[in-house]
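Tertiary structure, described
Take a look at the letters that make up each chain.
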Amino acid sequence: MTGWYVLIEETVGGGDSQRWSLTTIRRFANRDEARWHAADFARTYQPRHPAMPRNRRVFKIGEDSWVVYIEGAMRTYHFRIFVAQSEE
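Predicted model, so just to flag it, every value in this text is computed and none were measured.

Turning our eyes to something else, we now look at the confidence of the model for the protein chain. When pLDDT is averaged along the protein chain, the result is 91, and 99% of the positions lie at 70 or above. Confidence scores differ between elements of the protein chain, with strand E2 (residues 19–28) showing the lowest mean pLDDT of 92 and helix H1 (residues 31–44) the highest of 97.

This is how it looks when you write it as structure tokens:
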């Protein structure tokens, strides 16, 4: 379905089976609405890892993309947020 989406890509699994996965796909009416929600997700989204976050840093790396760095008790993780338009 054609439209504007927020995509969240994060680490899933554990140990040797840890991998990147697209975990969230949310559709919005227009680009402005999708961008607002993406920026909000960068501040509030609780990723699967780490289980006990201690610190969060949000980096806007483009008009429609963010990287969020989270320090946990044992390791650090990051996840990515993108605003994208579907062509199908």
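Now that the structure has been shown, the text picks up again.
Let us now look at the nonpolar core. In terms of nonpolar packing, the biggest core is built from 16 residues, with Val 6, Ile 8, Trp 66, Phe 79 and Ile 81 touching the most fellow members. For this core, the elements supplying multiple residues, two or more each, are strand E1 (3–12), H1, strand E4 (65–71) and strand E5 (76–86). Counting residues per element, this core draws most heavily on H1, which supplies 5 residues. In contact with Phe 79, not counting residues within four places along its chain, are Ile 8, Glu 9, Glu 10, Trp 20, Phe 41, Tyr 45, Pro 47, Arg 56, Trp 66, Val 67, Val 68 and Ile 70.

The rules behind these values
- Residues numbered from 1 in each chain as written.
- Predicted model: local features only at pLDDT ≥ 70, side-chain atom pairs only at ≥ 80, totals over all residues.
- Heavy atoms only, no water.
- pLDDT = per-residue confidence, 0-100.
- Helix = DSSP H or I, 4+ residues; strand = E, 2+ residues; numbered from the N terminus.
- Core = buried A, V, L, I, M, F, W, Y, C linked by side-chain atoms within 4.5 Å.
- Buried < 20%, exposed > 50% of the residue type's maximum accessible area, 1.4 Å probe, protein only.
- Contact = heavy atoms within 4.5 Å.

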